[in-house]
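So the chains spell out like this:
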Amino acid sequence: MPNQETPYFLDTNILVYAYDHKYPDKMERARDLIAAEKPWLISWQAVQEFCNVAIHKFTIPLDTAYLSELLDILLIPHCQIYPNASVWQNALRIQSETQYRFYDSQIVAAALHSKASILFSEDLQHGRRFGDLQILNPFLE
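Residues numbered from 1 in each chain as written. Predicted model: local features only at pLDDT ≥ 70, side-chain atom pairs only at ≥ 80, totals over all residues. Heavy atoms only, no water.

Caption draft 1: The overall build of the protein, seen in detail. Helix and strand counts for the protein come out as 6 helices and 6 strands. Overall, the protein shows an N-to-C arrangement of helices and strands of β-α-α-β-α-α-β-α-α-β-β-β. In terms of overall dimensions, the protein is globule-like: its C-alpha atoms have a radius of gyration of 14 Å, near the 14 Å expected for 141 residues. With the C-alpha coordinates of the protein rotated into their principal frame, the extents come out at 40 × 30 × 30 Å. Among the 141 residues that make up the protein, the fraction classed as buried is 47%. Accessible surface for the protein amounts to roughly 7600 Å². Of this, 52% is attributable to carbon and sulfur atoms. With 11 positive and 17 negative side-chain charges, the protein shows a spacing of 7 Å between the two charge centroids. (Helix = DSSP H or I, 4+ residues; strand = E, 2+ residues; numbered from the N terminus. Rg over C-alpha atoms; globule rule 2.2 N^0.38 Å. Buried < 20%, exposed > 50% of the residue type's maximum accessible area, 1.4 Å probe, protein only. Areas by Shrake-Rupley, 256 points an atom, 1.4 Å probe, with all protein chains shown as cover. Lys, Arg positive; Asp, Glu negative; His and termini not counted. Charge placed at Lys NZ, Arg CZ, Asp CG, Glu CD.)

This is the structure:
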């Protein structure tokens, strides 16, 4: 990415709100985060979860051709964190310390691994910090 700013990290729910018409009040804010000029990142987990929800749980499921395009032009270019031992071990530590569900802990661990300063998520504790990473719920601002 040409922009050298510290990226922020998006939890799966931000991607879901940006594309599921079930949540029109949250759609605009989620799309603003995705369209912002500041760089953002996601993990392999967010890609997998988003695809599953988009096909099986959206009010109007995305067809596979559109989802394939979305993967190519949006999701894959921003997916920078892939499974590795460091992320999994850190996720276990986070889960033990916070009692978050393991998948939520993986998102935090992936955001930490990415060196992001902000993790946007609706599901986690707004304002909580993990070192230099702060969790923010973008729908409260």
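Caption draft 2: Representation of the packing of aromatic side chains within the structure. What the rule picks out here adds up to 7 aromatic pairs. In this structure an aromatic cluster arises from ring pairing among Y17, Y23 and F139. Taking NZ or CZ as reference, R31 lies 5.5 Å from the ring centre of Y19, over its face. (Phe/Tyr/Trp six-rings, centres within 6.5 Å; stacked < 30°, edge-to-face > 60°. Lys NZ or Arg CZ within 6 Å of the ring centre and 35° of its normal.)

Everything listed here is a matter of coordinates, which is why it stays silent on function.
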